[in-house]
Amino acid sequence: MFLMGRQGVILISHGTGVTVAMGAAILVLPFLGAYVAFTTLQAGFRHQRLADLIAEAGLELDTSGLPRRPSGRVERAAADAFFLDVKSGLDAAPDDWRQWYRVARAYDIAGDRKRAREAMGRAVDMEAREARGTA
């Protein structure tokens, strides 16, 4: 961050329009990178906290019996059937963060990363509200 900041100041000190713009952009990049790193770590810690709570409750998903490809990924048809099974728990208890966590993991196993992130975000938010007592 220091080296990038130094380069940004040097470019700005040249005083031409292009170097000032480049210098300003370079000064912003370390802060943007720090923000992204912070939010990524924060999300990881929150997800790990939920994983620990799920493990303590004995609600982890068991994928050991699912057929796998040579790459180690669960076969698509099995992952889809597994997802539907896990989603039935969410349909029965849509206000339970544990079910949202399990669905997020099932989405991940099925290869749908976008929906997995959305469901995990919802689980994190719901658990945080429950922990604060504002569920």
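These notes cover the structure that comes with them. (Residues numbered from 1 in each chain as written. Predicted model: local features only at pLDDT ≥ 70, side-chain atom pairs only at ≥ 80, totals over all residues. Heavy atoms only, no water.)

All right, on to the nonpolar core then. Leu50, Tyr101 and Val103 are the most contacted members of the largest nonpolar core, which totals 26 residues. If you list the elements that add at least two residues to this core, you get helix 2 (17-57), helix 3 (76-92), helix 4 (97-110) and helix 5 (113-132). Counting residues per element, this core draws most heavily on helix 4, which supplies nine residues. Once residues lying within four places of it in the same chain are set aside, the contact partners of Val103 are Phe83, Val86, Lys87, Leu90 and Ala119. (Core = buried A, V, L, I, M, F, W, Y, C linked by side-chain atoms within 4.5 Å. Buried < 20%, exposed > 50% of the residue type's maximum accessible area, 1.4 Å probe, protein only. Helix = DSSP H or I, 4+ residues; strand = E, 2+ residues; numbered from the N terminus. Contact = heavy atoms within 4.5 Å.)

The next point concerns the pattern of salt bridges. Applying the stated criterion to the full structure yields nine salt bridges. Among the ionic pairs, Arg113 bridges to Asp108, the shortest N-O distance being 3.0 Å. Judged by relative accessible area, Asp108 falls into the partly exposed class, the value being 26%. Among the charged side chains, a salt-bridge network with shared partners connects Asp96, Arg98 and Glu130. (Salt bridge = Lys/Arg side-chain N within 4 Å of Asp/Glu carboxyl O.)

Next up on the list: helix 5. Between its terminal C-alpha atoms helix 5 stretches 28 Å, which fits the 28 Å expected from 20 residues at 1.5 Å a residue. Residues of helix 5 that are buried make contact with helix 2 and helix 4. Two residues or fewer after helix 5 comes Gly133, characterised by a positive phi angle close to 85°. (Expected span 1.5 Å × (residues − 1).)

Locating Gln99 in the fold gives a position in helix 4. A relative accessible area of 14% places Gln99 in the buried class. In contact with Gln99, not counting residues within four places along its chain, are Val86, Gly89, Leu90 and Ala93.

One way to put it is that helix 4 packs onto helix 5 with a least axis distance of 8 Å and a crossing angle of 165°. Between helix 4 and helix 5, the interaxial angle falls into the category roughly antiparallel. At the point where helix 4 passes helix 5, the crossing takes the left-handed sense. On the side of helix 4, the interface is formed by Trp97, Arg98, Trp100, Tyr101, Val103, Ala104, Tyr107 and Asp108, while helix 5 contributes Arg113, Arg115, Ala116, Ala119, Met120, Arg122, Ala123, Met126, Glu127 and Glu130. By residue class, the composition of the contact of helix 4 with helix 5 is eleven nonpolar, no polar and seven charged. (Axes fitted to C-alpha atoms, helices over the stretch in contact; angles between N-to-C directions. Parallel < 35°, antiparallel > 145°, perpendicular 65-115°, else oblique. Left-handed = near helix turned anticlockwise from the far one by under 90°. Nonpolar A, V, L, I, M, F, W, Y, C, P; charged D, E, K, R; others polar.)

With that settled, the discussion passes to the packing of aromatic side chains. By the definition in use, this model includes one aromatic pair. Ring centres 4.5 Å apart and planes at 35° place the aromatic pair Phe83 and Tyr107 in the tilted group. Of the two residues, Phe83 is situated in helix 3 and Tyr107 in helix 4; the sequence distance between them amounts to 24 residues. When its relative accessible area of 12% is taken as the criterion, Phe83 is described as buried. Here Tyr107 falls in the buried class, since its relative accessible area comes to 17%. (Phe/Tyr/Trp six-rings, centres within 6.5 Å; stacked < 30°, edge-to-face > 60°.)

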